[in-house]
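So the chains spell out like this:
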Amino acid sequence: MALRLYNSMGRKMEEFKPLVNGYAGFYGCGPTVYNYAHIGNLRAYVCWDVLDNTLQRLGYDVQHVMNITDVGHLTGDGDDGEDKMKKSAAERHQSVLDVAKFYTDAFMADIDALNIRHPDVICKATEHIDDMIELIKKIEANGHTYMAGGNLYYDISTYPDYGKLANLNLDELKAGAGKRKVVVVDENKRNPGDFVLWFTKSKFEDQAMTWDSPWGRGYPGWHIECSAMSMKYLGKHFDIHTGGIDHVPVHHTNEIAQSEGSFDEAERAKGAWVNYWLHNEFLILEGGKMSKSSGHFITLQTSLPAEKGFSLKDKGFEPLDYRFFLLNGHYRKQLVFSLEALESAKKGRAALNQKIAKLIKASNEKKLWERWAALGIKELTADNFERVFEFYNDEKNHKKTANEVRCVNKFIEALENDLSTPMAFAALNEEISLRINPNEAVALGNVYYMDKVLSLDLIKNGFEILKNQAALNGTSANNGQAVDSHSDDPEAAEIDALVAERTEAKKNKNFAKADEIRNQLAARGVIIIDTPNGPTWKRG
């Protein structure tokens, strides 16, 4: 089976055929760094991390490019509203560049916490203004632009294929109707769907960041940065472009028009700018999709004032609980979020880690690593497991039987079926059940292989569980007999009672009370550890 992806251009599943054999170039729309990323934003980056990891697992040399929008993105995609960067800078009483750096750092901390591999190229809009200007010159030379009111506009009527990604009707758009809502707020536009390539100070006279250009001193429109930077690092034609489903009707539609509108005759003859368009669906709350413009949202790990929202970390969740939650849904399906659903995911991940810990323990007790005696190991440890599994997964060192690879093959087939992570989890769970392959050591080697895509630190967490169990129970000083690690703690009975009260509060879905107890214990230096068998605790 070959990799098949759902292409938004044409709305159908297609076999992935890269422009260059063995190489995959893809561009993903990055964050606008005027505020913290909310958990809905972060879904996209987890989705495309799976794409990145899958391509690598399938043997492709991957070039992943992502932009950082640190200038010129308005609150409305249709060139209306306030400048998000300028608005945030005014609220924080900082310069726009200071605001951009602060929120860029916060975003990078979030993707690191989610085990997302950094794209090979992370490019900032402010560092590529010259590239944007040169691209706009080509678009202008091809007759797609007009000046009005001091701004340079793209005339969508000059590009017959406008709207092909979103299946929009150009004649309807010219009249201001059609499938997307176009609010006419700029009287300079010939068509409601026209968009700005370059703003001058006639739009915002006190704009914070401006540059000299052939059209006057000003700044670029939002859409042009993605075209300019993707072409700079991936070429005039590349394989995959990713983004949220909300980008389809305006942002990605405009990207295509301006990018292909810049082509000369030879470039047009080579085909489309991008061959495969992939879009992730929304994360849905009870009131609809999450939005920072509402003034109340959920972050991954950054605490917020109560009136602004809250973080998952403050509710007792780890970033990988959220990654696990996301991966159990398909990227093209809307995913309904609630704290109850995330609590279920947390328990599911904990149970999975617990199973991995049992496999590690059993493999060492049975001395199942003797087949790899060449490595000179006596037992699998947290320090050597990566070296051991890399050895195991190298076919030159170990010829695997049909049973040993059956679940791995199912895992790969799931990913080749439009990145179906729910099906991939089914293969993973079948592997660790030992129904097909009864050797714990072999199963762990396969889990390690699978987790290169899932990035949930499964083996690492398995060792951490064993370490915590040893710390809580103690063995070496007591001739192998477990001891009560709280027996000498004068507050043990009181703490046990509070932990039990927290458990009851969570059972009754009184998360506020559960959070209050957890915070109260944390202030006393007590850390609660949730396990599939119930919570335990230790001193921090």
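Just so we're clear, the structure is a prediction, and the values are computed from it rather than from any experiment. (Residues numbered from 1 in each chain as written. Predicted model: local features only at pLDDT ≥ 70, side-chain atom pairs only at ≥ 80, totals over all residues. Heavy atoms only, no water.)

### Regarding the packing of aromatic side chains
Given two aromatic rings, their pairing is described by the distance between the two centres and the angle made by the two planes. Applying the stated criterion across every chain yields a total of 21 aromatic pairs. Following the ring pairs from residue to residue traces out a cluster consisting of Phe-385, Phe-389, Tyr-448 and Phe-463. The aromatic ring of Tyr-449 is capped on one face by Arg-57, whose charged end is 4.6 Å from the ring centroid. For the cation-ring pair, Lys-232 lies above Tyr-233, with the distance from its terminal atom to the ring centre recorded as 5.9 Å. (Phe/Tyr/Trp six-rings, centres within 6.5 Å; stacked < 30°, edge-to-face > 60°. Lys NZ or Arg CZ within 6 Å of the ring centre and 35° of its normal.)

### Quick word on empty space enclosed by the protein
Taken as a whole and judged by the stated rule, the model has 4 cavities of 30 Å³ or more. Of the pockets and cavities examined, the largest cavity occupies roughly 110 Å³. Lining the largest cavity we find 14 residues, and of these Tyr-45, His-64, Met-66, Ile-116 and Pro-119 sit closest to its centre. Put simply, the parts of the chain that give the lining of the largest cavity at least two residues each are helix H1 (39-57), strand E4 (61-68) and helix H3 (96-113). Here the element with the most residues in the lining of the largest cavity is H1; it accounts for 4 residues. Residues of the lining of the largest cavity, tallied by class, amount to 8 nonpolar, 3 polar and 3 charged. Approximately 80 Å³ is the volume attributed to the second largest cavity. Lining the second largest cavity are Arg-43, Val-46, Cys-47, Val-50, Leu-326, Leu-327, Gly-329, His-330, Tyr-331, Leu-419 and Thr-421. Contributing elements (two or more residues each) for the lining of the second largest cavity: H1 and helix H9 (319-327). (1 Å grid on protein atoms, 1.4 Å probe; cavity = no way out; pocket = protein on both sides within 12 Å on 5 of 7 lines; lining within 4 Å. Points joined across faces, edges and corners; volume = space filled by probe spheres on them. Helix = DSSP H or I, 4+ residues; strand = E, 2+ residues; numbered from the N terminus. Nonpolar A, V, L, I, M, F, W, Y, C, P; charged D, E, K, R; others polar.)

### A word on the pattern of salt bridges
According to the stated counting rule, one finds 22 salt bridges in the structure shown. In this structure, Asp-155 and Arg-190 form a salt bridge, with 3.5 Å as the shortest nitrogen-oxygen distance. On the criterion of sequence distance, the pair formed by Asp-155 in the loop between strand E7 (151-154) and helix H5 (170-174) and Arg-190 in the loop between H5 and strand E8 (195-200) is long-range, its members being 35 residues apart. Put simply, Arg-217 and Asp-212 hold a salt bridge, and the shortest N to O gap is 3.1 Å. (Salt bridge = Lys/Arg side-chain N within 4 Å of Asp/Glu carboxyl O.)

### Points about the sheet that holds E7
The 4 strands are arranged E6-E7-E8-E9 in an open sheet whose pairing can be described as antiparallel. One side of each edge strand has no neighbouring strand; the edge strands of this open sheet are strand E6 (145-148) and strand E9 (218-220). For this sheet, the mean angle separating the axes of adjacent strands, direction not counted, is 25°. In this sheet, E7 lies alongside E6 in antiparallel orientation, the contact comprising 4 bridges. Bridge pairing in E7 places Met-147 opposite Leu-152. Contacts from helix H4 (residues 129-141) reach E6, E7, E8 and E9, with the element oriented near 125° to E8. (Pairing = 2+ DSSP bridges. Axes fitted to C-alpha atoms, helices over the stretch in contact; angles between N-to-C directions. Contact = heavy atoms within 4.5 Å.)

### What about the side chain of Lys-506?
Position of Lys-506 among the secondary structure elements: in helix H16 (residues 492-507). Relative accessible area serves as the criterion here: at 17%, Lys-506 is assigned to the buried category. A polar side-chain atom of Lys-506 sits 3.0 Å from a polar atom in the side chain of Glu-343. In contact with Lys-506, other than residues within four places in its own chain, are Glu-343, Lys-346, Ala-514 and Asp-530. (Buried < 20%, exposed > 50% of the residue type's maximum accessible area, 1.4 Å probe, protein only. Polar contact = N/O pair within 3.5 Å; in protein donor to acceptor, adjacent residues only side chain to side chain.)

### Topic: H3
For H3, built from 18 residues, the straight-helix expectation of 26 Å at 1.5 Å per residue is met to within 8% by its first-to-last C-alpha distance of 26 Å. Among all positions in H3, only Val-96, Val-99, Ala-100, Tyr-103, Thr-104, Ala-106, Phe-107, Met-108, Asp-110 and Ile-111 are buried. (Expected span 1.5 Å × (residues − 1).)

### A short note on the sheet that holds strand E3 (residues 23-28)
Judged by pairing direction, the sheet is parallel, and its 5 strands sit side by side in the order E5-E4-E3-E10-E11 without closing on themselves. If you trace the sheet from one side to the other, it starts and ends with strand E5 (121-124) and strand E11 (274-280), each paired once. Strand-to-strand twist across the sheet, computed as the mean angle between neighbouring axes with direction ignored, equals 20°. Here helix H7 (residues 248-261) sits on the sheet and contacts strand E10 (238-244) and E11; the angle it forms with E10, its principal contact strand, is near 155°.

### Remarks on the side chain of Glu-430
Relative to the helices and strands, Glu-430 is located in helix H13 (residues 421-432). By relative accessible area, which is 15% here, Glu-430 ends up buried. Setting aside residues no more than four positions away along its own chain, Glu-430 makes contact with Cys-407, Lys-410, Arg-435 and Ile-436.

### Details of unusual backbone geometry
Positive phi, close to 55°, is recorded for Arg-11, a residue that is not glycine. The class for Arg-11 is partly exposed, based on a relative accessible area of 43%. One non-glycine residue with positive phi stands out, namely Asp-457, at about 55°. Summarising the element assignment, Asp-457 is placed in the loop between helix H14 (440-454) and helix H15 (458-473).

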